[in-house]
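Here is how the chains run, residue by residue.
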Amino acid sequence: MANIRDVAKKAGVSVATVSRVLNHPNTVSPTTMEYVLSVIKELNYTPNGLARSLALNKTNTIALLIPNILNPLYMEIAKGVEDVAHKKGYNTLLCNTEESQKKEADYIDMLIKRRVDGLILTASLLNKEEIQQIKKQDITLVMIGKNKNVKHGSVVFTDYMLGGYIATKHLIEIGYKRIAHISGAVHQIENQEKRAGYEKALKENNLPIDKRYIVEGNNEIEGGYLAAKKLLQLKCKPEAIFVANDLMAFGAIDAIKSEGLRIPEDIAIVGFDNIEMSALVEPKLTTVSQPAYKMGLLSARLLFDHIENGDDEEHVHQEIFLQPKLKVRKSCGHEERVREIFS
Amino acid sequence: MDLSVNFMGLQLKNPIMVASSPLTRNGEAMKKAIEAGAGAVITETITSEIRRSVKPCLASNEFGMQNIYFFSEYALEDWEYEIEQAKDCGGTVIANIVAYSASEMAYIAKRVEKFGADAVELCLSTPYGDGIEVLASEPEKVYEFVDEVVKAVEIPVMVKLSPSVNNVAKLAKAAEKAGAAAISGINTIRSILGVDIEKGKTLLPTYGGYSGPAIRPISLAFTATVAQATNLPICGIGGIDTYYHVLEYMMLGANTVQICTSAILNGYGHIRKLIQDLEKWMKDHHYESFEQIRGKALDSLKSFEEMKVEPYIADVADDENDTGGKEYESSCVYGAIYRNENRLKVDPEKCTGCGLCANRWPDIFKMIWKE
């Protein structure tokens, strides 16, 4: 197989010139460029990626860390990141942290050793020291969802408290009084915020916050199922449940149906995330949409802004807020639903 | 005759822009518009996320056109190349952008500025789905969006508004306060083009935006209102088919205009024709620049208090022109028009002076003072 020296020899130029043709084409004259490229083609030469990385101190690889590979929400984020990375000629490594701070830190350690050019952390649980560690390594970092230990950095986020608030308020406006909440794992900030939004809506409408109506799930279908079963055992069953993510809402729907109850007639449900499946379950799930694909796209764009433009302030610290939005479907029992394809 | 205008600091060879639409969907299309003579092109709406486009998405009737979903099918990154294409052939390119939060809008604005856009047009008024027309109906929201974008970019920021709001003057003022360089309007109007009554189905499968001649009077009122409420330059949009309509917009205070539907229905060549006709009219009337006619008709706009009640009634101006084919008598809602020995007459006791007959058939009826 031809190497860079063979190309240089055949083209009658230096190795440095061939390298410049490949890496800094704007520094080579068009005639030389065209000739060298024709030789490259003739010899069927492909640059050695490993050697190239060493020389350029760049691996053209970024990593995306997500908390749960089984949750379709994070696949939408991954698609967004990958769409942009591919256009930029980068590989994307996908790492599943399983909501474990330790696993997240382990991954970051490995990724730093592999010299990835940038990191995107989703719903990160890292503490101050761990964040400092990344910053010291001079690796470009973008967050999806806020981490209170990162004070200064680029982040794409949505307002989970507002999301929890609009979901609960919607149920109150329909006329439900006994509204329960199945929360996600409480060590995650987003779940604390969703619950705060739920409580704010109840308080504003003079409804009591009843601890028995707030049950923690584990972010997965099963967690939603078990939490709903628990709520159904109460003497005074809730009329409606705001569930902190769509997967748990699917579990809750399953549990309610298994008790022979109807949705929304007996118990109404509102979820969170608006993953694609939520429009396919029966009844179709009313949910709070967080624009996951867009979050993926924008986080990758921020990352490449930084990688391509270096460390100037404008690119190191950019915050993009995306609006959560209620998608009214069937499971909440709202009757005056306006049917709109694009809403 | 010099057709050039300075708009938001941009020197344009003429005031005719091509609006954000399939006519400007990519570099190649924008090139066609520029070659047809457009003073500037406004890109199809650039978003941070491409959403699937429904087909078919256009339909028209005798008054105008409905579209559903005119957002770009090109990713944000791709627009770097597309804008470059249009700039390469000497065009002025304004990037139309839409986003659902101020920070997202500012981010896209920064990107397109980097791609070489000469200005941005913030679309705060899309009529599709549940769009953001709700956001843009509140002055506070308009201020928030415009403020954040103006702070983020150096290029001029034009704000595209909708008439489907309570008080458009307040919105325009909010944009002005936040540092907007111009107001454009109107956006298309939320619409359903029609129903196929045999199938019991709407013509297009969702609400869309209505454009074309039917919305021109609405947009003329918008232009005049913004001209009276703010000091901002205005880009008038809506139902411009001929040079005549361009002049109407200008006399009500517009500095520039955007055309769309007529060029979609008749091709890019329509743009060239319109510019030629405009130049001819200006020459024929011995005007040297548009500044001489801009806002000319605003003075004739009066509030109800200012208007004098004058004792007008209709009279027959020339019944020689009456070919007998029209039922003038039955067309008067007050029953004032009648025939006497085959001659048209207006009964001065019955005529209230509404003026409709003189407006419809100026060759036959005229308005006079009641003796």
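Q: Is there a simple way to think about the pattern of salt bridges in this case?
A: Pairing is possible between side chains of opposite charge, provided their charged atoms come close. All names here are of chain A. Inspection of the entire model under this criterion finds 28 salt bridges over all chains. A salt bridge links Glu173 to Lys169, with the nearest nitrogen and oxygen atoms 3.7 Å apart. Taken together, the residues span about one helical turn, with Glu173 and Lys169 both in helix α8 (residues 160–174) at a distance of four residues. What makes Glu173 exposed here is its relative accessible area of 58%. On the accessibility criterion, Lys169 (32% relative accessible area) is partly exposed.

Q: Hey, could you run me through the sheet that holds strand β7 (residues 214–216) of chain A in this one?
A: Residue and element names in this part refer to chain A. Ordered in space as β7-β6-β8-β9-β10-β12, the six strands form an open sheet in which the pairing is mixed. Looking at which strands have only one partner, the edges of the open sheet turn out to be β7 and β12 (325–327). Adjacent strand axes in the sheet meet at a mean angle of 20°, parallel and antiparallel pairs treated alike. Bridge count between strand β10 (residues 286–289) and β12: three bridges; the pairing is antiparallel. Bridging across to β12, Ser289 finds its partner in Lys325.

Q: So what exactly am I meant to see when it comes to the domain arrangement of chain A here?
A: Much of the literature gives interface size as the accessible area that the parts lose upon coming together. Residues and elements named next belong to chain A. Under the domain assignment, chain A is made up of domain 1 (4–56), domain 2 (61–159 + 292–323) and domain 3 (160–290). Distance from the C-alpha centre of domain 2 to the C-alpha centre of domain 3: 29 Å. Counting residues at the interface gives 19 residues for domain 2 and 19 residues for domain 3. Summing both sides of the interface, domain 2 and domain 3 together bury roughly 1,500 Å²; the carbon and sulfur share of this comes to 50%. Linking domain 2 with domain 3 are zero salt bridges, by the criterion used here. Put simply, domain 2 and domain 3 have six residue pairs in polar contact (both at pLDDT 80 or more) between them. Elements represented by at least two residues in the side of domain 2 that touches domain 3 include exactly α5 (72–87) and α12 (292–309). Top element by residues in the side of domain 2 that touches domain 3 is α5. It accounts for four residues.

Q: It is not clear to me how the packing of helix α1 (residues 4–11) of chain A against helix α3 (residues 30–43) of chain A should be interpreted in this structure. Could you clarify?
A: A packed helix pair is summarised by two numbers, namely the angle formed by the two axes and the spacing between the axes. All names here are of chain A. Contact geometry of α1 with α3 gives a least axis separation of 9 Å together with a crossing angle of 125°. As the angle between them shows, α1 and α3 are arranged oblique. Like other packed secondary-structure pairs, α1 and α3 cross with a definite hand, here right-handed. Across from Asp6, Val7, Lys10 and Ala11 in α1, the residues of α3 making contact are Tyr35, Val36, Val39, Ile40, Glu42 and Leu43. Tallied by class, residues from the contact of α1 with α3 come to seven nonpolar, no polar and three charged.

Q: Please clarify how the packing of aromatic side chains should be interpreted in this entry.
A: Here a ring pair, both rings aromatic, is described through the centre-centre distance and the interplanar angle of the planes. Applying the stated criterion to the full structure yields ten aromatic pairs over all chains. With a centroid separation of 5.9 Å and an interplanar angle of 40°, the aromatic rings of Tyr160(A) and Phe272(A) are classed as tilted. Pair noted here: Tyr160(A) is in helix α8 and Phe272(A) is in strand β9 (residues 268–273), with a separation of 112 residues, a long-range link. Judged by relative accessible area, which is 8%, Tyr160(A) ranks as buried. What links up through ring pairs into an aromatic cluster is the set Tyr160(A), Phe242(A) and Phe272(A). If you follow Lys325(A) out to its NZ or CZ, it ends over the ring of Tyr100(B), 5.2 Å from the centre. A cation over an aromatic ring shows up here: Lys177(B) above the ring of Tyr143(B), its NZ or CZ 5.5 Å from the ring centre.

What counts, and where the lines are drawn
Residues numbered from 1 in each chain as written. Chains lettered and ligands numbered in written order. Predicted model: local features only at pLDDT ≥ 70, side-chain atom pairs only at ≥ 80, totals over all residues. Heavy atoms only, no water. Salt bridge = Lys/Arg side-chain N within 4 Å of Asp/Glu carboxyl O. Helix = DSSP H or I, 4+ residues; strand = E, 2+ residues; numbered from the N terminus. Buried < 20%, exposed > 50% of the residue type's maximum accessible area, 1.4 Å probe, protein only. Pairing = 2+ DSSP bridges. Axes fitted to C-alpha atoms, helices over the stretch in contact; angles between N-to-C directions. Domains from an automatic or database assignment. Contact = heavy atoms within 4.5 Å. Buried area = accessible area lost by both parts, 1.4 Å probe. Polar contact = N/O pair within 3.5 Å; in protein donor to acceptor, adjacent residues only side chain to side chain. Parallel < 35°, antiparallel > 145°, perpendicular 65-115°, else oblique. Left-handed = near helix turned anticlockwise from the far one by under 90°. Nonpolar A, V, L, I, M, F, W, Y, C, P; charged D, E, K, R; others polar. Phe/Tyr/Trp six-rings, centres within 6.5 Å; stacked < 30°, edge-to-face > 60°. Lys NZ or Arg CZ within 6 Å of the ring centre and 35° of its normal.

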